[in-house]
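Observations on the three-dimensional arrangement
Each chain, written out:
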Amino acid sequence: MKFFFPDSQDQIDPSFDFASEERALHRVRQRDDRYAHEVLVHPPFDGILVSKTIVDGTRQTTGKYTLAQRHRLYRNGARRFFRLDHIDGAPLQSMGDCGAFSYVREDVPPYTPEEVIAFYAECGFDLGVSVDHVILGFDPAADDPASELGAEWRRRQQLTLELAAEFLAACPARTVRFEPVGVAQGWSPRSYAAAVRQLQRMGYQRIALGGMVPLKTGEILACVRAVDDIRRATTQLHLLGISRCDTISAFASHGVTSFDSTSPFRQAFKDDHDNYYTLDRAYTALRVPQVDGNTKLKARIRAGRVGQAAALDLEQACLRLLRAYDAGTTPLTPVLDALRGYDELFDGRCDRTDAYRELLNDRPWQHCPCGICYMVGIDVAIFRGSERNKRRGFHNLFVFHQRLQRELATITA
Ligand SMILES: [Zn+2]
């Protein structure tokens, strides 16, 4: 089972000083900043997934890459750009896709198969996913051809299949080195199975199931089971955007050999509660936002409801006390009081004291082997600014990878 991590140019600056919150004077982002696979003790994934929409944008959206980054990726190829060959262990793979969720509101995908093949070939990916159009909906009742509901869904599925046929036909002509991956879109177990059957007939041996991100685990499993019924023994399945660690062994038993997901990383700073992973649970990170960076707090300061000096004092007291607690020079209660006091300034509606007490009592970062926690200590558990938040995201990827290995070991055991 291979795990691919979708790239969004998430890197950390190793020169960042957590005490002064300053960076090295001569830092050059592309040269000095580091990806997750470069800073953890071992890569937390088997490969990276790069979406064309993230790199190039569409007519409606801008990508996440600067012009210089785009040029460098195209010129050097993904292996050199992501420094995939600079790490020990099994070689990391690269996969390209279109990023179909970012154009889901459009009538048709913004790229032709030719454009996408050129992107994959220039970037030198190992795997290239055909052009697809996501179906936003799940309802087996739409299997009835007379169903009003299914008309647009059927159009999108048909379009995705036609684009997959064009994509595959255009691949050998350009003597591409990537392995083509066909995408199946559907709205029910039966419709996914029908799409996979057609993709197999076209000649695809690797098929990605798309549009499943909003589905419940049971619905995904039902689709994968239906697909497995018609799957040729040589066909390998990829789940796009799915990470349900506890069902991964069930997926594996139905021919799923790879998947991708950003959620372990993003939960570090997007989730309300589950921000810091350990093997068996997740903790709430300690919120100490910057006075300068928090719009709500700045508005309250402008309105005269909070004094700026008092806010800055509380912010610094929280950071100082957290570090002292990590060093064992202060007890827990003053730390919790400071966090609660600061929290009341900018939000206050949700009292996180119990969650913070659990995290601070357990100090999970002190015995985490990921390579980041050991280096930065309690700062990895502080919800504040991208250098801390992304490090926690990388740590989560490491733990997710460990959970995955543990889960997979139960299959082979
Ligand atoms: Zn860690």
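Scroll up to find the structure.
Let us look at the structure shown here. Computed from a prediction, not measured in an experiment: that's the story for all the values here.

1. A few points about the layout of surface pockets
By volume, the largest pocket is sized at about 1,000 Å³. For the lining of the largest pocket, the per-class residue count stands at 14 nonpolar, 21 polar and 11 charged. The space that makes up the second largest pocket amounts to roughly 320 Å³. The set of elements that each furnish at least two residues to the lining of the second largest pocket consists of α10 (263-270), α13 (332-346) and α16 (385-412). Classifying every residue of the lining of the second largest pocket gives four nonpolar, five polar and nine charged.

2. Concerning a nonpolar patch on the surface
Taken together, the side chains of Phe101, Leu136 and Val213 define a hydrophobic patch exposed on the protein surface, amounting to about 240 Å² of accessible area. When you line up the elements, leucine 136 lands in the loop between β4 (127-129) and α6 (151-173).

3. Let's talk about empty space enclosed by the protein
Applying the stated criterion across every chain, the model contains one cavity of 30 Å³ or more. Considering only enclosed or pocket space, the largest cavity measures out at about 80 Å³ in volume. In this structure, the largest cavity is lined by Phe5, Asp7, Ser8, Gln9, Asp10, Tyr35, Ala36, His37, Phe45, Ile48 and Phe82.

4. Observations concerning the coordination of the zinc ion
Working reference: metal with six octahedral donors, ideal angles 90 or 180 degrees; metal with four tetrahedral donors, ideal angle 109.5 degrees. Donor atoms from the polypeptide that coordinate the zinc ion comprise Cys368 (SG), Cys370 (SG), Cys373 (SG) and His395 (ND1), at 2.1 to 2.3 Å from the metal. In this structure, the zinc ion is coordinated by four donor atoms arranged in tetrahedral fashion, with angles at the metal of 101 to 120°. Along the chain, the residues donating to the zinc ion are arranged with the sequence spacing C-x1-C-x2-C-x21-H. Assigned by exposure class, cysteine 370 and cysteine 373 land together as buried.

5. Some words on the packing of aromatic side chains
Tallying each qualifying case throughout the model produces 20 aromatic pairs. Ring geometry for phenylalanine 81 versus phenylalanine 82: centroids 5.0 Å apart, planes at 80°, classification edge-to-face. For phenylalanine 82, a relative accessible area of 1% gives the class buried. Measuring from ring centre to ring centre gives 6.1 Å for phenylalanine 167 and phenylalanine 178, while their planes differ by 40°; the resulting arrangement is tilted. One end of the pair, phenylalanine 167, is in helix α6; the other, phenylalanine 178, is in the loop between α6 and β5 (179-184), and 11 residues separate them in sequence.

6. Considerations on the sheet that holds strand β7 (residues 236-239)
Strands sit in the order β1-β2-β3-β4-β5-β6-β7-β8 around a closed barrel of eight strands; the barrel is parallel. Adjacent strand axes in the sheet meet at a mean angle of 25°, parallel and antiparallel pairs treated alike. Two elements, strand β3 (residues 93-97) and β4, share two bridges in a ladder whose sense is parallel. Each residue of the ladder has a partner; that of methionine 95, found in β4, is leucine 127.

So, how was this worked out
Residues numbered from 1 in each chain as written. Predicted model: local features only at pLDDT ≥ 70, side-chain atom pairs only at ≥ 80, totals over all residues. Heavy atoms only, no water. 1 Å grid on protein atoms, 1.4 Å probe; cavity = no way out; pocket = protein on both sides within 12 Å on 5 of 7 lines; lining within 4 Å. Points joined across faces, edges and corners; volume = space filled by probe spheres on them. Nonpolar A, V, L, I, M, F, W, Y, C, P; charged D, E, K, R; others polar. Helix = DSSP H or I, 4+ residues; strand = E, 2+ residues; numbered from the N terminus. Patch = residues over 30% accessible without salt bridge, like charges linked within 9 Å, V, L, I, M, F, W, Y side chains within 5 Å. Areas by Shrake-Rupley, 256 points an atom, 1.4 Å probe, with all protein chains shown as cover. Salt bridge = Lys/Arg side-chain N within 4 Å of Asp/Glu carboxyl O. Donors = N, O, S within 2.8 Å, 3.2 Å for Na, K, Ca; no water. Tetrahedral: all angles 85-135°; square planar, octahedral: opposite > 155°, others 65-115°. Buried < 20%, exposed > 50% of the residue type's maximum accessible area, 1.4 Å probe, protein only. Phe/Tyr/Trp six-rings, centres within 6.5 Å; stacked < 30°, edge-to-face > 60°. Pairing = 2+ DSSP bridges. Axes fitted to C-alpha atoms, helices over the stretch in contact; angles between N-to-C directions.

The quantities given are spatial measurements derived from coordinates; they are silent on function.
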